[in-house]
Each structure stands twice: as C-alpha cells, then as structure tokens.
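The lines below spell out each chain.
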Amino acid sequence: MIPTQIRQVLSTIQQYDVPVLLMGGQACVLYGAAEYSRDLDLAVLATETSLPKLALAMRALAATVIAVPRFEHQFLERGHAVHFSVPDPTAAPLRVDIMSRMRGVQPFAALWDRRTTVMLDADGTQEAITLEVMALEDLVSAKKTQRDKDWPMIRRLVDGSYDGARDDVGTAAAIDFWLAELRSPEFLIECVQRFSDAAARSRRPAVVAALANGDIAQALADEQSVEMALDKSYWLPLRRELEALRHQARRDP
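Every chain's residues receive numbers from 1 upward, in the order its sequence appears when written. Given that this is a predicted model, residues contribute local features only at a pLDDT of at least 70 and side-chain atom pairs are listed and counted only at 80 or more, while totals for whole chains, interfaces and linings are drawn from all residues. As a rule here, side-chain values come from all non-hydrogen atoms in the structure, and water together with hydrogens is ignored.

Caption draft 1: View of the overall build of the protein. On a plain count of helices and strands, the protein comes out with 12 helices and seven strands. Radius of gyration: over C-alpha atoms. The globule rule applied is 2.2 Å multiplied by the number of residues raised to the 0.38 power. In summary, the protein has a C-alpha radius of gyration of 20 Å against a globular reference of 18 Å for 253 residues, a match within 12%. Only the protein chains shown count as covering a residue, and every accessible area follows the Shrake-Rupley method with a 1.4 Å probe. As displayed, the protein has an accessible area near 13,400 Å², and 52% of this comes from carbon and sulfur atoms. Runs of H or I in DSSP of at least four residues are treated as helices and runs of E of at least two as strands, each being numbered from the N terminus.

Below you can see the structure in the form of structure tokens.
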C-alpha cells in the first residue's frame, strides 16, 4: 500500500505534467517484493522543460533540498541524486530522491517507453491515482548496487515474476529475463529445465552451472561481486565531486 503522504507528492508532481517514474522501494512494494518503504525514489526526465516544472511542484509541496548537490540539471545529468525533504504536519518529513541517470540503466526515454502503469483506487480519504512505474527489468538493473541490502530485493523481484508465471508458457522476453536475472538456485534450475533451448544459448555462468550441475551458488556470488565492484567504480568520481561540493558549501554558507 502506498502511504497517503507519498500519494500526495506524486499527485502534485502529476499536476505539473512532469514525466517521472516511480522506482526504488515504493516500486518494489507495487511489484510485491517489499511490504514497506520509508522514502520515495523517482527517475525524472532532466530537460530544460521538465525540470522547471518539477521545481514548481516541489515548491508547491514546500520541499527543500537537503545536503548536496543542488537541484540543477548539470548534477542530474552526471548521475547524481538530488535529495528533497517534504514536510507534513501530520507525519515525519518525507525524503524524496530524484535521479535522471543510473549505472547499467537505459536513458529515461527508453525507461518511459517500457514503463508499467498502475492504477490505485480511492481508499478512504485517498483519491484514485495513476502511477507510472519503472519496468521490472529496469528496476532490477537499477538495484544492482554496492549495497548488500539491494540484492535480496532483486531476488524477490525476479522470483515473484517467475513464480507468478509458472503456469504460463512464457514469452521469449520473459524467459530471457528469468534466465538472465533469477538468483534463487532452485528457481534457476527449474527455469533451465523448462526452457532448455534458451538456456543452452545463455552465457551466464550461473545458467551454465545449472546445466552442468555445477556450483550455482558460487556463480551467483561471483556475479554479485562483479556488479558491486562495478558500482563502486562508477560512484567513485561522483563521490569525489560530492565531497568537493560539501567542502565548498562549508566555505560558502
């Protein structure tokens, strides 16, 4: 269930006609992989047209930027996240994180084309709302970070997709997705057996291990280590920029 506070923020942003995609924990909730998430993470189209509209929406919400960087096109384009705090008289402030570019994820235009549209019915005092959500495949890619807590979430997201379609024939795209992303050995073994022709074409080490009765767990662990190392390398120059921005902010209060 999406909390009232978050629905209000999303509804306000929609009123200003800003293309945004729900991602992060709230998207995982909608895909059935999480029960609760505290913050709101959004992918936004960072253009000279959309960002001023988003600025108006955040102003209407009385939101303020917390920490660095500033809410500017240049920082979003380089892959930084901009962090807002949205006050609420009846609840704790809501943190809203805005990003435009992410490692291993397609540009926003492609994400928008593949998005999932979710309709939330009115519930008590909450009005009905339409949410544009990052596609499952893109959400999984975005979750491949250096943070340990993201990897169990990836497993639950893909497990849920596979388990929910076990009685279906499975489209070619879905089969490729499962073979590329399943992280539960038992599901991966079953998937390889069900779709042996597609599995035989895969070069993923975990799939090769499943075909050969090899060490799937080790292959999955190695895969995670590689992705975490790539994410650390990706963020290293961005973190250096953030440190420089923090230093500059301390010098120029």
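Caption draft 2: Representation of the pattern of salt bridges in the model. Salt bridge, as used here, is a side-chain nitrogen of Lys or Arg placed within 4 Å of a carboxyl oxygen of Asp or Glu. Overall, the coordinates contain 17 salt bridges when judged by the stated rule. A salt bridge links Asp150 to Lys143; the nearest nitrogen and oxygen atoms lie 3.3 Å apart. When its relative accessible area of 3% is taken as the criterion, Asp150 is described as buried. Accessibility here uses a 1.4 Å probe with only protein chains present; expressed as a share of the type maximum, an area under 20% marks a residue as buried, one over 50% as exposed, and anything in between as partly exposed.

Caption draft 3: Fine view of the packing of helix H7 (residues 150–163) against helix H8 (residues 172–181). Lines fitted to C-alpha atoms define the axes, with helix axes restricted to the stretch in contact, and inter-axis angles between N-to-C directions lie between 0 and 180 degrees. Relative to each other, H7 and H8 sit at 140 degrees, their axes nearing to 10 Å. Considering only the axes of H7 and H8, their crossing is left-handed. Contact with H7, carried on its side by Val158, Ser161 and Tyr162, involves Phe177, Trp178 and Glu181 of H8 and no other residues of that element. Residue classes follow a fixed rule: Ala, Val, Leu, Ile, Met, Phe, Trp, Tyr, Cys and Pro count as nonpolar, while Asp, Glu, Lys and Arg count as charged, and any other residue, Gly among them, counts as polar. Residue composition of the contact of H7 with H8, by class: four nonpolar, one polar and one charged. Each crossing gets its hand from how the near helix is turned against the far one by less than a right angle, where anticlockwise is left-handed and clockwise is right-handed. Note on definitions: a residue-residue contact is assigned when non-hydrogen atoms from the two residues lie within 4.5 Å.

Caption draft 4: Summary view of the environment of Asp176. Considering the arrangement of structural elements, one finds Asp176 in helix H8. The partly exposed category is assigned to Asp176, whose relative accessible area is 47%.

Caption draft 5: Expanded view of the nonpolar core. Here, the term nonpolar core denotes a set of buried Ala, Val, Leu, Ile, Met, Phe, Trp, Tyr and Cys residues that are joined through side-chain atoms within 4.5 Å. In terms of nonpolar packing, the biggest core is built from 77 residues, with Ile13, Leu40, Met58, Val96 and Trp178 touching the most fellow members. Not counting residues within four places of it along the chain, the set of residues in contact with Met58 comprises Ile13, Ala63, Phe84, Val86 and Val96.

Caption draft 6: Geometry of the environment of Ser50. Positionally, Ser50 belongs in helix H3 (residues 50–60). Note: C-alpha distance between Ser50 and Tyr16 (34 residues apart in sequence) is 9.1 Å. Contact partners of Ser50, with chain neighbours within four places excluded, come to Val18, Pro19 and Leu45.

Caption draft 7: A look at the layout of surface pockets. A pocket here means an open set of points on a 1 Å grid, computed over the protein atoms alone, that has protein on both sides within 12 Å along at least five of seven lines. A cavity is instead a set of points where a 1.4 Å probe fits but cannot get out; residues with an atom within 4 Å of a point line either one. Grid points are joined across faces, edges and corners, and a volume is the space filled by probe spheres set on the points. For the largest pocket, the calculated volume is near 1,000 Å³. Lining the largest pocket are 38 residues, and of these Asp41, Asp97, Met99, Arg147 and Asp150 lie nearest its centre. Residue assignment for the lining of the largest pocket shows that the elements contributing at least two residues are helix H2 (24–30), strand E5 (91–99), helix H6 (136–142), H7 and helix H12 (216–251). Of all the elements, H12 adds the most residues to the lining of the largest pocket, at six residues. Considered class by class, the residues forming the lining of the largest pocket number 16 nonpolar, eight polar and 14 charged.

Caption draft 8: Highlighting the pairing of strand E4 (residues 82–88). Of all seven residues making up E4, five are buried, and the element is well covered by its neighbours. Where E4 meets E5, six bridges bridge the pair, whose relative direction is antiparallel. For Val86, the partnering residue across the bridge sits in E5 and is Leu94. Two strands pair under a simple rule: DSSP has to find at least two bridges between them. What sits between E4 and E5 in their antiparallel hairpin is a turn of two residues.

Caption draft 9: How the structure looks around the packing of H7 against helix H9 (residues 185–194). Their axes nearest at 11 Å, the elements H7 and H9 cross at an angle of 40 degrees. Of the possible angle classes, the one that applies to H7 and H9 is oblique. Between H7 and H9 lies a crossing of left-handed hand. Between H7 and H9, the residues in contact are Asp159, Tyr162 and Asp163 and Phe187, Glu190, Cys191 and Arg194, respectively. A class-by-class count of the residues in the contact of H7 with H9 yields three nonpolar, no polar and four charged. Relative orientations are named as follows: roughly parallel for angles under 35 degrees, roughly antiparallel for angles over 145 degrees, roughly perpendicular for angles from 65 to 115 degrees, and oblique for any other angle.

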